[in-house]
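The lines below spell out each chain.
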Amino acid sequence: LAILHRQRKEIMLHLPMEPHNYKNNKPGKGVLLMQMDDQELRAQLDADIKAVPYIQGVNNHMGSRFMEDNKKVALVLKKLKQEGFFFVDSRTTPNSKGEYEAKRIELPYATRKIFMDNGANYSETLNILMRILETGKQPDAPPLVIIGHPHRSTMEALKKALPQFKEKGIEIVSVSDILKTNLNEKISYRAK
């Protein structure tokens, strides 16, 4: 991470949160759980933040159940605001309280529009990227927040697609760049 930081690459914490059906769908170490009280949540969140140096923002990993709870989401987002981070809602549930709570506390915010690699399959990922390319650069189109994972198949699909994006004038930027250009006032921004 130090190398990426020196290269001025944006580093984000992929924060594990409790999904529906947690029993069969584990988000991994450091997960924020519904059963945790406020003190436990703060302690786990602090540990998660400290575990990934140089972060500028956070997005939720899973969290379909957690993100539906206003009180728990508010606690997390208030801490992110105190730390000077932004938040990207992965939108793992249509009932997410992320946007509401982010706007309420004026936290820089965006939401995921596309998952490019849910199946960790090269062909599927490349097809998704090509569909984005086909829609092209439309005037006044809002930026797309796209989430991917460091799968080998994703990296290969990006190597193939990115030169074509550049050729078509589609620019790949960091989330913080999106937030800077769209935060004319101190309000949260949701990429549509």
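So, here is what we can say about the structure in this document. These numbers were taken from a predicted model, which means no experiment stands behind them. (Residues numbered from 1 in each chain as written. Predicted model: local features only at pLDDT ≥ 70, side-chain atom pairs only at ≥ 80, totals over all residues. Heavy atoms only, no water.)

### Regarding the packing of aromatic side chains
Using the criterion set out here, one finds 1 aromatic pair in the structure. For Lys-26, the ring lying beneath its charged end belongs to Tyr-22, and the centroid distance is 3.9 Å. (Phe/Tyr/Trp six-rings, centres within 6.5 Å; stacked < 30°, edge-to-face > 60°. Lys NZ or Arg CZ within 6 Å of the ring centre and 35° of its normal.)

### Quick word on unusual backbone geometry
The bulk of non-glycine residues show a negative phi, and the bulk of peptide bonds are trans. Within the chain, Tyr-54 stands out as a residue other than glycine whose phi angle is a positive 70°. Along the chain, Tyr-54 turns up in the loop between α2 (38-51) and β2 (57-62). Relative accessible area serves as the criterion here: at 38%, Tyr-54 is assigned to the partly exposed category. Positive phi values are uncommon outside glycine, yet Ala-120 reaches one of about 50°. Among the secondary structure elements, Ala-120 is positioned in the loop between β5 (114-115) and α5 (122-135). Residue Ala-120 is classed as partly exposed on the basis of its relative accessible area, which comes to 36%. (Helix = DSSP H or I, 4+ residues; strand = E, 2+ residues; numbered from the N terminus. Buried < 20%, exposed > 50% of the residue type's maximum accessible area, 1.4 Å probe, protein only.)

### Considerations on helix α3 (residues 70-83)
The terminal C-alpha atoms of α3, which comprises 14 residues, lie 20 Å apart, in line with the 20 Å expected from a rise of 1.5 Å per residue. For α3, the full list of buried residues reads Lys-72, Val-73, Ala-74, Leu-75, Val-76, Leu-77, Lys-79 and Leu-80. Summarising the contacts, the buried residues of α3 are in contact with β1 (12-17), α2, β2, β3 (86-89) and α4 (98-105). Taking the backbone nitrogen of Lys-71 as reference, a side-chain oxygen 3.2 Å away marks Asp-69 as the first, capping residue of α3. Two residues or fewer after α3 comes Gly-84, characterised by a positive phi angle close to 80°. (Expected span 1.5 Å × (residues − 1). Contact = heavy atoms within 4.5 Å. Polar contact = N/O pair within 3.5 Å; in protein donor to acceptor, adjacent residues only side chain to side chain.)

### Considering α2
Taking 1.5 Å of rise per residue, 14 residues should cover 20 Å, and α2 covers 20 Å from first to last C-alpha, within 8% of that figure. Two or three places before Gln-39, at the opening of α2, Asp-37 has a side-chain oxygen 3.1 Å from that residue's backbone nitrogen.

### Describing the pattern of salt bridges
Throughout the structure, instances matching the rule amount to 8 salt bridges. Ionic pairing is found between Glu-101 and Arg-104, a salt bridge with its closest N-O pair at 2.7 Å. Taken together, the residues Glu-101 and Arg-104, both in helix α4 and 3 residues apart, mark about one turn of the helix. What makes Arg-104 partly exposed here is its relative accessible area of 44%. Three or more residues are tied together by salt bridges with common partners; here these are Asp-46, Lys-79 and Glu-83. (Salt bridge = Lys/Arg side-chain N within 4 Å of Asp/Glu carboxyl O.)

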